[in-house]
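As a plain string of letters, each chain reads:
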Amino acid sequence: CRMLSDWFYEEVNDHCDEVVITDDHNLISDLIAKSEPDVIFGTQMERHVGKRLNIPCAVISTPVHIQNFPLSYRPFLGYEG
């Protein structure tokens, strides 16, 4: 969450060589490839990067898709409502 990036940075900065907070999945993919880790802990996006680079990955966040959130709590008229 970009809104908590300052807090997160302060919490993990002493435990990491580098902290990267970004929405750019290409940057993350390049950094993962450059660092050649033994394993990746991340989201579904990092899992796809790991699969492409043949690096094991453990997904540590629940995948969220827009289909999981209804537009309203009222039924719509039509074929699906």
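Just so we're clear, the structure is a prediction, and the values are computed from it rather than from any experiment. Along each chain, numbering runs from 1 in the same order as the chain's sequence is written. Note on the predicted model: pLDDT of at least 70 is required for a residue's local features to be given, and 80 or more for side-chain atom pairs to be given and counted; whole-chain, interface and lining totals, by contrast, use all residues. Calculated side-chain values reflect all of the structure's heavy atoms, with hydrogen atoms and water omitted.

Caption draft 1: Looking closely at helix α2 (residues 25–35). By the burial criterion, the buried members of α2 are Ile28, Ser29 and Ile32. All buried residues of α2 project into a common sector of 100° when viewed along the axis, lining one side. Of the exposed residues in α2, those oriented more than 90 degrees away from the buried face are Asp30 and Lys34. Tucked inside the fold, the buried residues of α2 contact β1 (40–42) and α3 (44–53). Polar contacts, as used here, are pairs of N or O atoms within 3.5 Å; protein pairs need one atom able to donate a hydrogen and one able to accept it. Residues neighboring in sequence count only if both atoms are side-chain atoms. Secondary structure elements are defined from DSSP: runs of H or I of at least 4 residues count as helices, runs of E of at least 2 residues count as strands, and each element is numbered from the N terminus. Its side-chain oxygen at 3.0 Å from the backbone nitrogen of Asn26, Asp24 defines the N-terminal cap of α2. Positive backbone phi, at 50°, marks Glu36, one or two positions downstream of α2. Here's how the labels work: a residue is buried when its accessible area is under 20% of the maximum for its type, exposed when over 50%, partly exposed in between, all with a 1.4 Å probe on protein chains only. Working note: the arc is built from the helix axis to C-beta atom directions. When checking whether two residues touch, look at their non-hydrogen atoms; a contact exists if any pair is within 4.5 Å.

Caption draft 2: Inspection of α3 at higher detail. Every buried residue of α3 is listed here: Glu46, Val49 and Gly50. Taken end-on, α3 shows its buried residues confined to a sector of 100°, consistent with a single buried face. Exposed side chains of α3 directed beyond 90 degrees from the buried face belong to Lys51 and Arg52. Looking at the buried positions of α3, the neighbouring elements they touch are α2, β1 and β2 (57–59). Phi turns positive, to about 60°, at Asn54, one or two residues after α3.

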